[in-house]
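# Reading the structure
Here's the letter readout for the chains.
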Amino acid sequence: MEVRRKPVIHLYILLSVWVFTTATNALLTPKGVNFEVQALMGIKNSLEDPHGLLDNWDGDSVDPCSWAMITCSPETLLVTGLGLPSQNLSGSLSPSIGNLTNLQIVLLQNNNISGPIPFEIGRLSKLQTLDLSNNFFTASLPTSLSHLKSLQYLRLNNNSLSGAFPQSLTNMTQLAFLDLSYNNLSGPIPKFPARTFNVVGNPLICATGSEQECFGTAPMPLIYNLTSSQRKSRSHKMALALGSSLACLCLLIVAFGLLLWWRQRYNKQIFFDVNDQHHEEVCLGNLKRFHFRELQIATDNFNNKNMIGKGGFGHVYKGYLQDGTLVAVKRLKDGNAAGGEIQFQTEVEMISLAVHRNLLRLWGFCMTSSERLLVYPYMSNGSVASRLKGKPALDWATRKRIALGAGRGLLYLHEQCDPKIIHRDVKAANILLDDYCEAVVGDFGLAKLLDHQDSHVTTAVRGTVGHIAPEYLSTGQSSEKTDVFGFGILLLELITGQRALEFGKAANQKGAMLDWVKKIHLEKKLDMLVDKDLKSDYDRIELEEIVQVALLCTQYLPGQRPKMSEVVRMLEGDGLAEKWEASQRAESTKCRSAHEFSSSERYSDLTDDSSLLVQAMELSGPR
């Protein structure tokens, strides 16, 4: 019997080897090179990579699954994702991308890639998401896009595409989201099957941006849409704003490169050292150093009538520089004390690392023996918190746009910065609004840097009660998921028009805010949540969706909360139904012991104390 088993075992081994060899050979060209490696090397060779991001892409590799920015299927070991957003890449996109026939996601947004979109991209039959926005792609839209029968999310906005719309786009019935805005496309405009589409900013067909055929939104997805008056204003100023933004971005990139060059040669320009024993140093980069007298004159000697905000670390004043530039000047309390010095350093360091349209930029600073001041561009519409209290009330479309802009800013901090940045104080008061009510994430005084391989950082608890994630309150451990929790509370603030602690107390629900929201969601009484100033001017389906996103973000366990990239996608109308259904299944199958508290009950234990329910109370202590 034993003699018969050995040939059978040997046969199984031979069959296994044959299957593996056959699968491997299927990926090889006649010259024995993996065709996916060959295709990716073609992409690399056509791009200029100033940061060396693609240095580990090796043409002699057996497979590319260990390469940076590449995602492979664990089952087939085939390339399914190519993600290189915001990496300052230039050059062109190689036609060899068409050979990566298993691609499902391509993310190349916010780069400087030029040239035409390759016709060969139409060979990617499994592609579901394509984002080439904010580049310099030229020529016409390839007609081969209509071959992408699995494509659901297409973003080509803010490029230099020209020519007529391919009529074949009307055949893409599966498309849920399409953004072709701010190009140079010409008509006629086909009838888009996409649930959400936007082609404003194409002057040959959408001169004013108010034409009905230039944008559309079905009730289901939550989408970025400008109101008519804002579209008119923006269309007139977009060219100037875009040119200025690109110029500033180029200057910042050059400055950052010089900063790295100086660091490598140990020739840093240090303007303060907060803690000698830890050698915490900050480099000037391209920030302007202001004289104290200059800022004193600009703010009328820090006159209270010019005060536009105040917080735990200092006051913010409106000011005019000598050249007439309107600025916001943040004057830190006890600037020469340890706390003020650390906050000063943190804000300079974080903002100099993170450059994004939805993040507050730092223009300069001032430092004397007793003063620490930071200078920012003036945000004419103030903070979201102040606008929610102001008149006229923010309309529903603007509140949706604020949510999406703030989400994109946090997404950049978490997933596109290296090291990643945790904000740690996400709330309506720290989201600012520019001239067009675009959301800008500000106040980085509590932010922390974190390597991408690290899961969390442990510190003393800081922030604002009502916005702090439960795990941070109980353990001091914060991660990007604590920001996600704060963002969920921000969504509820946008819906209700009230601060987190206020709308919990308003319905006599002190300390059980999230349980209350869940209860009225189950009872389908969400109208009770909506800001009374909106009256009935909101979309009830979109309200349901935003509440679902908020509840997903504020789940008790951080591991159950979505990443900010998922949150942004859900706000754009992609993937919410699946995520919510999975969450509800997990909720229904979870067995809870009789003595276990609900998530909000446990959270409320930390907020019921009346000493904590102060005006947007900020916790203090060592960081």
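Summary of the structure given here. Keep in mind the model is a prediction, meaning the values are calculated, not measured.

What counts and what doesn't
- Residues numbered from 1 in each chain as written.
- Predicted model: local features only at pLDDT ≥ 70, side-chain atom pairs only at ≥ 80, totals over all residues.
- Heavy atoms only, no water.
- Pairing = 2+ DSSP bridges.
- Helix = DSSP H or I, 4+ residues; strand = E, 2+ residues; numbered from the N terminus.
- Salt bridge = Lys/Arg side-chain N within 4 Å of Asp/Glu carboxyl O.
- Buried < 20%, exposed > 50% of the residue type's maximum accessible area, 1.4 Å probe, protein only.
- Disulfide = S-S within 2.5 Å.
- Phe/Tyr/Trp six-rings, centres within 6.5 Å; stacked < 30°, edge-to-face > 60°.
- Lys NZ or Arg CZ within 6 Å of the ring centre and 35° of its normal.
- Expected span 1.5 Å × (residues − 1).
- Core = buried A, V, L, I, M, F, W, Y, C linked by side-chain atoms within 4.5 Å.
- Contact = heavy atoms within 4.5 Å.
- Axes fitted to C-alpha atoms, helices over the stretch in contact; angles between N-to-C directions.
- Parallel < 35°, antiparallel > 145°, perpendicular 65-115°, else oblique.
- Left-handed = near helix turned anticlockwise from the far one by under 90°.
- Nonpolar A, V, L, I, M, F, W, Y, C, P; charged D, E, K, R; others polar.

Next up on the list: the sheet that holds strand β18 (residues 307-310). If you trace the six strands from one edge of the open sheet to the other, you get β17-β21-β22-β20-β19-β18, paired in mixed fashion. Edge strands, defined here as strands with exactly one partner in the open sheet, are β17 (288-289) and β18. The sheet contact formed by strand β19 (residues 314-320) and strand β20 (residues 326-332) spans seven bridges and is antiparallel. Bridge pairing in β20 places G314 opposite L332.

This paragraph deals with the pattern of salt bridges. Two side chains carrying opposite charge are able to pair once their charged atoms lie near each other. Summed over the entire model, instances satisfying the criterion amount to 19 salt bridges. Where K400 meets E542, a salt bridge forms, and the shortest distance between an N and an O atom there is 3.0 Å. Of this pair, K400 sits in helix α7 (residues 396-416) while E542 is found in helix α12 (residues 540-553), placing the two residues 142 residues apart along the sequence. Judged by relative accessible area, which is 4%, E542 ranks as buried. Ionic pairing is found between K525 and E523, a salt bridge with its closest N-O pair at 3.8 Å. Several salt bridges converge on common partners, so that one network encompasses R155, D179, R408 and E572.

Before going further, it helps to spend a moment on the environment of S144. Positionally, S144 belongs in the loop between β8 (136-138) and β9 (153-155). Taking the C-alpha atoms as reference, S144 lies 7.4 Å from E120; in sequence the two are 24 residues apart.

Further remarks concern the state of the cysteines. Enumeration over the complete set of coordinates arrives at two disulfides. Two residues, C65 and C72, share a disulfide whose sulfurs are 2.2 Å apart. Around the S-S axis, the bridge from C65 to C72 shows a dihedral of about -95° and counts as left-handed. C72 gets classed as buried once you look at its relative accessible area, which sits at 17%. Between the sulfur of C206 and that of C214 lies a disulfide, 1.9 Å long from S to S.

A complete count under the given rule lists five aromatic pairs for this structure. Pairing F302 with Y317 gives two aromatic rings, centres 5.3 Å apart and planes at 70°, and the pair type is edge-to-face. Residue F302 is located in the loop between α4 (292-298) and β18, and its partner Y317 is located in strand β19; the two are separated by 15 residues in the primary sequence. A relative accessible area of 6% places F302 in the buried class. For Y317, a relative accessible area of 5% corresponds to the buried category. Aromatic rings pair up to connect F292, F302 and Y317 into one cluster. Above the plane of the ring of Y153 lies R569, whose end atom (NZ or CZ) is 5.0 Å from the centre.

Taking 1.5 Å per residue, twelve residues should reach 16 Å; helix α2 (residues 35-46) reaches 17 Å between its end C-alpha atoms and fits that length. All of the buried residues along α2 are E36, V37, A39, L40, M41, I43 and S46.

A few words on helix α9 (residues 480-496). Helix length check: α9, at 17 residues, gives a terminal C-alpha distance of 25 Å against a target of 24 Å (1.5 Å per residue), a fit within 8%. Buried residues dominate α9, accounting for 16 of its 17 residues.

Moving on, we get to the nonpolar core. Counting 58 residues, the largest nonpolar core has F487 and V567 as its most contacted members. Ignoring anything within four residues of it in the chain, the contact list for F487 reads A403, A406, G407, L410, V426, C553, M564, V567 and L571. Core analysis: the second largest hydrophobic core is formed by 53 residues, L84, L93, L180 and L185 among them.

Right, let's get into unusual backbone geometry. Omega for the peptide link from K391 to P392 comes to -5°, which places this bond in the cis form. With respect to the helices and strands, the residue P392 is situated in the loop between α6 (384-389) and α7. Within the chain, C437 stands out as a residue other than glycine whose phi angle is a positive 60°. If you check the backbone angles, K524 has positive phi at about 55° while not being a glycine.

With that out of the way, let us pick up the environment of I117. Along the polypeptide, I117 turns up in the loop between β6 (114-116) and β7 (129-131). The contacts of I117, once residues within four sequence positions are left out, are L132, F137, T138, P142, L156 and L161.

Along the chain, Q416 turns up in helix α7. Judged by its relative accessible area of 17%, Q416 falls in the buried class. Not counting residues up to four positions away in its chain, the partners in contact with Q416 are P85, S86, Q109 and L411.

Further remarks concern the pairing of β19. On any regular strand, side chains alternate: one points to one face of the sheet, the next to the other face. Note that β18 and β19 share three bridges and pair antiparallel. Residue pairing for β19: M307 is matched across the bridge by Y317.

Next up on the list: the packing of α9 against α12. Running from N to C, α9 and α12 cross one another at 150°; their axes reach a closest spacing of 7 Å. By the angle class used here, α9 and α12 are roughly antiparallel. When the axes of α9 and α12 are compared, the crossing they make is left-handed. Contacts between α9 and α12 involve V484, F485, F487, G488, L491, L492 and I495 from the former and L543, I546, V547, V549, A550 and C553 from the latter. When grouped by side-chain class, the residues that make up the contact of α9 with α12 number twelve nonpolar, one polar and no charged.

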